[in-house]
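Results of the structural survey
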Amino acid sequence: MKRWLIAALVLLLGKLRPPRALPPGRPVREPDRRAENLTFLLLLCAMAAAAAFIAFYFANPDTQFLGATLGLAFVLLAAACLVAGKRVVPQIEGVKERPELEHPFEQDEVVAVIAEGGEGVSRKRFFLLAGGGAAGLMGAALLTPALSCGPEANRVLSRSPWNRGRLLVTELDEPIVAAGIVVGELVTAFPSGADKEDIASPVIVVRVRPDELDLPDDRRGWAPEGLIGYSKICTHAGCAVSEYRYPSYGPTAPGPAVVCPCHYSTFSVTEGGKRIFGPAGRALPQLPLAINGDGQLVADGDFSGRPGPGWWGVRK
Ligand code: FES
């Protein structure tokens, strides 16, 4: 206990008092300016990379950019620490047998040794500012993604670009003509004028014979001429549902179904997207469709349920 009190006192004195003169005969180490400049530069670059991570998070949260900027910030900070540790901070080791410190005057020598540790480093204030700035920005960058866990995330995942009359278009923004989809074909469509990257945007449209349909009662009229639309995002873990199984010999085969290639969740297209196989916990949300006066496919409302991975509504 006594030792800890003395050590704390020594550190405090070391902060408050001006540095003591080195013992006579001990060589004064010259600051390594190039190493200091390199450390500053690395710290500034680390700050810039951390700031870029935060900017990308808000402006363009592309995971590639986010990973690259945060990784770069860590690498630069590590490099700054390495250079500072190897070439800026004096590398002096000394071992001296000494009795336990009992008298105040003995502390002077200890204070001188501690003060000596700072010799050879010029512009300490700059170092403190640059190091503190880098640590602060890195901390902010690490905390920023926590915003994705708040109520905003729920709002973003809940919104849908689909509404009555919204035209279905291809990836090239060309309207989808109903007559152009044949039985057994799967077409990917997007809402006209909306962000195609939105989790609720992509849908798959397939055609079955109208007499095959077995939709729930409250979805009568959702599949004009046997054309049915579903969210393309698998309700298991969010892969793109992209396989369409349309048996050509009905009596011995299961009915038409779409399949997710990731873990083979299979959804019946004639029964409202009901899961018939695989780990998905709920049906594919169905999009009510209609055909406008030009023979083009349009939405007739919003999805039957929330599109996207089903961790918020498994087995409901
Ligand atoms: S993501 Fe589709 S089955 Fe797992």
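A few points on the structure. (Residues numbered from 1 in each chain as written. Predicted model: local features only at pLDDT ≥ 70, side-chain atom pairs only at ≥ 80, totals over all residues. Heavy atoms only, no water.)

Here we look at the sheet that holds strand E9 (residues 286–287)
Taken together, the 5 strands give an open sheet; going across it, the order is E1-E2-E3-E4-E9, and neighbouring strands pair in antiparallel fashion. Edge positions in the open sheet fall to strand E1 (168–169) and E9, since each of these has one partner strand only. Note that E1 and strand E2 (residues 186–191) share 2 bridges and pair antiparallel. Bridge assignment links Leu168 to a residue of E2, and that residue is Pro191. (Pairing = 2+ DSSP bridges. Helix = DSSP H or I, 4+ residues; strand = E, 2+ residues; numbered from the N terminus.)

Some thoughts on the side chain of Arg219
Relative to the elements of secondary structure, Arg219 occurs in the loop between strand E3 (203–207) and strand E4 (227–231). At 3.2 Å, the side chain of Arg219 forms a polar contact with the backbone oxygen of Gly272. Here Arg219 is in contact with Gly272, Gln286 and Ser304, once residues within four sequence places are set aside. (Polar contact = N/O pair within 3.5 Å; in protein donor to acceptor, adjacent residues only side chain to side chain. Contact = heavy atoms within 4.5 Å.)

Brief notes about the sheet that holds strand E7 (residues 266–268)
Pairing is antiparallel in the open sheet, where 4 strands are placed in the order E5-E6-E7-E8. The strands lining the two open edges of the sheet, one partner per strand, are strand E5 (243–245) and strand E8 (274–277). Between one strand axis and the next, the sheet turns through 35° on average, direction left out of account. Summarising the sheet, E5 and strand E6 (residues 257–259) pair through 3 bridges and their orientation is antiparallel. The partner of Glu243 across the bridge, within E6, is Val259. (Axes fitted to C-alpha atoms, helices over the stretch in contact; angles between N-to-C directions.)

Quick look at the environment of Glu185
Positionally, Glu185 belongs in the loop between E1 and E2. Taking relative accessible area as the criterion, Glu185 reaches 28% and is therefore assigned partly exposed. Taking the C-alpha atoms as reference points, Glu185 and Tyr246, separated by 61 residues in sequence, lie 8.4 Å from one another. (Buried < 20%, exposed > 50% of the residue type's maximum accessible area, 1.4 Å probe, protein only.)

Regarding the nonpolar core
Grouped together as the largest cluster of nonpolar side chains are 24 residues, with contacts concentrated most on Phe53 and Ala141. Of all the elements in the fold, those that place two or more residues in this core are helix H2 (33–59), helix H3 (63–88) and helix H5 (124–143). If we ignore the near neighbours within four places in the chain, the residues touching Phe53 are Leu66, Thr69, Leu70, Ala141, Thr144 and Pro145. (Core = buried A, V, L, I, M, F, W, Y, C linked by side-chain atoms within 4.5 Å.)

Remarks on the packing of aromatic side chains
Inspection of the entire model under this criterion finds 3 aromatic pairs. When the ring of Tyr244 is compared with that of Tyr246, the centres are 6.1 Å apart and the planes differ by 55°; the resulting orientation is tilted. Take Tyr244: its relative accessible area is 17%, and that puts it in the buried class. Of note, Lys196 hangs over the ring of Phe190, and the distance from its end group to the ring centre comes to 5.9 Å. (Phe/Tyr/Trp six-rings, centres within 6.5 Å; stacked < 30°, edge-to-face > 60°. Lys NZ or Arg CZ within 6 Å of the ring centre and 35° of its normal.)

Let's talk about the packing of H2 against H3
One can describe the packing of H2 onto H3 by two numbers: an axis separation of 8 Å at closest approach and a directional angle of 160°. Taken together, the axes of H2 and H3 lie roughly antiparallel to each other. Helix-helix and strand crossings are classified by hand; for H2 and H3 the assignment is left-handed. Looking at the contact of H2 with H3, its residues break down into 24 nonpolar, 2 polar and 3 charged. (Parallel < 35°, antiparallel > 145°, perpendicular 65-115°, else oblique. Left-handed = near helix turned anticlockwise from the far one by under 90°. Nonpolar A, V, L, I, M, F, W, Y, C, P; charged D, E, K, R; others polar.)

Focus on the side chain of Gln296
Structurally, the position occupied by Gln296 is in the loop between strand E10 (289–291) and strand E11 (297–299). Sequence-distant contacts of Gln296, that is, excluding residues within four places in its chain, are made with Leu167, Pro175, Ile176, Val177, Ala178, Ala290 and Ile291.

Considerations on the pairing of E4
Most of E4 sits out of view: 5 of its 5 residues are buried. In E4, alternate side chains face the same way, and those of Leu227, Gly229 and Ser231 on one face and Ile228 and Tyr230 on the other are all buried. Relative to E4, E3 is paired through 5 bridges, and the arrangement is antiparallel. Bridging from a neighbouring strand, Val203 pairs with Ser231 of E4. Pairing of E4 with E9, which is carried by 2 bridges, proceeds in the antiparallel orientation. Among the inter-strand pairings, Tyr230 is bridged to a residue of E9, identified as Gln286.

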